[in-house]
Amino acid sequence: MTKRTNPRRVAGTTAAALLTVVLGGGAAYAATSPAPIPGGANQIAGVSGTFASVLFNGTLRVRAMSLQNPGPNDNVHANAAGERPLVFRAIVSNGTHHENHGYFDATLSDADGITVTGRPIDDGWSLEPGSAARTAIAFSLPAQFVPVKLVLVQAAAPHARAFRMALRAQDLPPS
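So, here is what we can say about the structure in this document.

Helix and strand counts for the chain come out as 1 helix and 12 strands. When burial is assessed residue by residue, the chain has 32% of its 175 residues classed as buried. A sequence separation of at least 24 residues applies to 67% of the contacts in the chain between residues at least 6 apart. When the accessible surface of the chain is totalled, it reaches about 11200 Å², and 56% of it is carbon and sulfur.

See below:
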């Protein structure tokens with residue numbers, strides 16, 4: 001005689017066993033791994049590099065990056081007394097088969113995570129496939145602010161992958 005198995009009982013037993021493994025495994029993992037959780041509330045995916053890199057986020061390519069004191073034709077000044085103006089420059093090119101237009105929202109951050117937001121000082125870009133344009137963004141930095149990272153996000157495409165550049169001492173202009 002063959003014994004019949006109740007499908008509902010098998011499903012319930014399987015679910016209970018799976019729940020035990022998931023909860024038990026998670027508790028054991030949490031007890032052995034006190035590492036902080038990466039990310040934040042608004043963190044977006046991105047590509048990382050340095051000013052010497054050519055970075056591609058799947059849509060745009062950024063290269064020839066620099067952070068300099070403003071030139072006489074830049075018309076850039078500090079926002080307040082005791083602040084220092086800087087200008088980020090780069091060449092941005094379209095890596096897709098479609099027209100791309102826009103500008104970057106840019107943020108500099110220091111070692112403590114304090115940020116300063118830049119403002120575009122050009123007209124942005126309108127790029128046919130494969131074409132390139134120059135872009136420039138101005139910053140006004142507090143006196144003791146030493147930037148260690150620059151983050152660029154395309155303003156017209158906020159879900160596009162961000163560009164994150166680690167700044168080295170040689171990337172910063174003399175004070």
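Next comes the rest of the account.
Attention now moves to the pairing of strand S4 (residues 84-94). Buried residues dominate S4, accounting for 9 of its 11 residues. Bridge analysis of strand S3 (residues 60-68) against S4 gives 7 bridges, and the strand direction is antiparallel. Looking at the pairing, Val62 lines up with Val92 of S4. By the bridge criterion, 10 bridges tie S4 to strand S10 (residues 132-141) in an arrangement that is antiparallel. Across the sheet, Val92 pairs through a bridge with Ala133, a residue of S10.

A separate point is the pattern of salt bridges. The full count for this structure, using the stated rule, is 2 salt bridges. When the shortest N-O distance is used, the salt bridge between Arg89 and Asp74 registers 2.5 Å. Taken together, the positions of Arg89 in strand S4 and Asp74 in the loop between S3 and S4 put the pair 15 residues apart, joining distant regions of the chain. Residue Asp74 is classed as buried on the basis of its relative accessible area, which comes to 17%. Between Asp171 and Arg168 there is a salt bridge, and its shortest N-O distance comes to 3.4 Å. Since its relative accessible area comes to 10%, Asp171 is described here as buried.

Further remarks concern the packing of aromatic side chains. One pass over the structure, following the stated rule, counts 3 aromatic pairs. Measuring from ring centre to ring centre gives 5.7 Å for Phe51 and Phe88, while their planes differ by 55°; the resulting arrangement is tilted. Here Phe51 is found in the loop between strand S1 (46-50) and strand S2 (55-56), whereas its partner Phe88 is found in strand S4, with 37 residues between them in sequence. Phe51 gets classed as buried once you look at its relative accessible area, which sits at 7%. Between Phe104 and Phe163, the aromatic rings sit 5.9 Å apart at their centres with planes inclined by 85°, giving edge-to-face as the arrangement. Separated by 59 residues along the polypeptide, Phe104 in strand S6 (residues 104-109) and Phe163 in strand S12 (residues 162-166) bring together distant segments of the chain. Of the two residues, Phe104 and Phe163, both sit in the buried class. Here a set of aromatic residues connected by ring pairs shows up, and it is made of Phe104, Trp125 and Phe163. Looking at Arg61, its charged tip hangs above the ring of Phe56, at a distance of 4.5 Å from the centre.

So, on to the environment of Gly95. By the secondary structure assignment, Gly95 is in the loop between S4 and strand S5 (100-102). When the C-alpha positions of Gly95 and Thr59 are compared, they lie 5.2 Å apart, and in sequence the two are 36 residues distant. Contact partners of Gly95, with chain neighbours within four places excluded, come to Phe56, Thr59 and Arg61.

Rules of the game
Residues numbered from 1 in each chain as written. Predicted model: local features only at pLDDT ≥ 70, side-chain atom pairs only at ≥ 80, totals over all residues. Heavy atoms only, no water. Helix = DSSP H or I, 4+ residues; strand = E, 2+ residues; numbered from the N terminus. Buried < 20%, exposed > 50% of the residue type's maximum accessible area, 1.4 Å probe, protein only. Contact = heavy atoms within 4.5 Å. Areas by Shrake-Rupley, 256 points an atom, 1.4 Å probe, with all protein chains shown as cover. Pairing = 2+ DSSP bridges. Salt bridge = Lys/Arg side-chain N within 4 Å of Asp/Glu carboxyl O. Phe/Tyr/Trp six-rings, centres within 6.5 Å; stacked < 30°, edge-to-face > 60°. Lys NZ or Arg CZ within 6 Å of the ring centre and 35° of its normal.

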